[in-house]
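# Observations on chain architecture
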Amino acid sequence: MTHTQTNQSESKKYKVLVAVDFSPSSGRALRRAKSIMGRKPDRIVVLHVIDRDFIERCISSRIGTESHIKKTLFLQSRQRLKEFLREEGMADEPVEEIICEGIPFLEINKKAVEIGADMVIMGNRGNSGDMKTIFFGSTTERVLRFMSRPVLCVPIEEDRKP
């Protein structure tokens, strides 16, 4: 390895994308990312995706206008993400926060590519438990099907064998 190659590999920052839905499982994923990254000057990007299908259901239920629903959901998500990071002891950590709208598994894949994530970390069980999950798989399963980067799926405590 040449001197230039050594300096480039030493200066490359390892980027981890952590997908969160505020569930206990995504809390464990965030803690795992923190433990993996340690005290190095690397980058943790925390992503929350507001499900486009949920927005559409709110609109069709006449809860409000599309712009009002989106604005409310983005503001609530920003507040929940701040609280979530505080609860996980990461309020003062240098993490980048991204909140976007879309189909969760597609947005997770897209953002991982956009930021050049070296790894995606997410919980293996989120907040969904609907029929769509039964027939098409969880967000985590769909991310795994289409992701071209390493994915670490963190189980919740009760999933672990003694």
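To be clear, the structure that these remarks concern was listed above.
Since the structure is predicted, the reported quantities are computational estimates derived from the model, not experimental observations. (Residues numbered from 1 in each chain as written. Predicted model: local features only at pLDDT ≥ 70, side-chain atom pairs only at ≥ 80, totals over all residues. Heavy atoms only, no water.)

Between helix H3 (residues 52-60) and helix H4 (residues 66-87), the shortest axis-to-axis distance is 10 Å and the interhelical angle comes to 135°. Relative to H4, the element H3 is oriented oblique. Remark: the crossing between H3 and H4 carries right-handed chirality. Contact residues: Phe 54, Ile 55, Cys 58 and Ile 59 in H3; Glu 66, Ile 69, Lys 70 and Leu 73 in H4. A class-by-class count of the residues in the contact of H3 with H4 yields 6 nonpolar, no polar and 2 charged. (Axes fitted to C-alpha atoms, helices over the stretch in contact; angles between N-to-C directions. Helix = DSSP H or I, 4+ residues; strand = E, 2+ residues; numbered from the N terminus. Parallel < 35°, antiparallel > 145°, perpendicular 65-115°, else oblique. Left-handed = near helix turned anticlockwise from the far one by under 90°. Contact = heavy atoms within 4.5 Å. Nonpolar A, V, L, I, M, F, W, Y, C, P; charged D, E, K, R; others polar.)

Moving on to helix H5 (residues 104-115). For H5, with 12 residues, the first-to-last C-alpha span of 16 Å sits near the 16 Å given by 1.5 Å per residue. Along H5, the positions that sit buried rather than exposed are Pro 104, Phe 105, Glu 107, Ile 108, Asn 109, Lys 111, Ala 112 and Ile 115. Buried residues in H5 make contact with strand E1 (15-19), strand E2 (43-51), strand E3 (95-102), strand E4 (119-123) and helix H7 (139-146). (Expected span 1.5 Å × (residues − 1). Buried < 20%, exposed > 50% of the residue type's maximum accessible area, 1.4 Å probe, protein only.)

A separate point is the pattern of salt bridges. Applying the stated criterion to the full structure yields 9 salt bridges. A salt bridge links Lys 34 to Glu 93; the nearest nitrogen and oxygen atoms lie 3.8 Å apart. With Lys 34 in helix H2 (residues 24-37) and Glu 93 in the loop between H4 and E3, the pair connects residues that are 59 residues apart, well separated along the chain. Taking the relative accessible area as the measure of exposure, Glu 93 reaches 27% and is therefore partly exposed. (Salt bridge = Lys/Arg side-chain N within 4 Å of Asp/Glu carboxyl O.)

A few words now on the packing of aromatic side chains. This model, assessed by the stated rule, comprises 2 aromatic pairs. Centre to centre, the rings of Phe 22 and Phe 84 are 5.6 Å apart; their planes meet at 75°, and the pair counts as edge-to-face. With Phe 22 in the loop between E1 and H2 and Phe 84 in helix H4, this residue pair connects regions lying 62 residues apart in the sequence. Residue Phe 22 is classed as buried on the basis of its relative accessible area of 12%. (Phe/Tyr/Trp six-rings, centres within 6.5 Å; stacked < 30°, edge-to-face > 60°.)

Below, the discussion takes up the nonpolar core. Core analysis: the biggest nonpolar cluster contains 24 residues, and Val 18, Ile 44, Val 46 and Ile 121 have the highest contact counts within it. Those elements that provide at least two residues to this core are E1, H2, E2, H3, H4, E3 and E4. Considering each element in turn, this core owes the most residues, 5 residues, to H4. In this view, Ile 44 contacts Val 16, Val 18, Ala 33, Lys 34, Met 37, Met 90, Pro 94, Val 95 and Glu 96; residues no more than four positions away in its chain are not counted. (Core = buried A, V, L, I, M, F, W, Y, C linked by side-chain atoms within 4.5 Å.)

All right, on to unusual backbone geometry then. Here Phe 22, not a glycine, exhibits a phi torsion of approximately 70°, which is positive. Here Arg 62, not a glycine, exhibits a phi torsion of approximately 60°, which is positive.

It is worth spelling out the sheet that holds E3 at this point. Overall, parallel pairing links the 5 strands, which are arranged E3-E2-E1-E4-E5 in an open sheet. The strands lining the two open edges of the sheet, one partner per strand, are E3 and strand E5 (151-154). Averaged over all neighbouring strand pairs, the angle between strand axes comes to 25°, with direction disregarded. Direction of pairing for E1 relative to E4: parallel, over a ladder of 4 bridges. Within E4, the position partnered with Leu 17 by the bridge is Val 120. Where H4 meets the sheet, it contacts E2 and E3, and its direction lies at approximately 150° from that of E3. (Pairing = 2+ DSSP bridges.)

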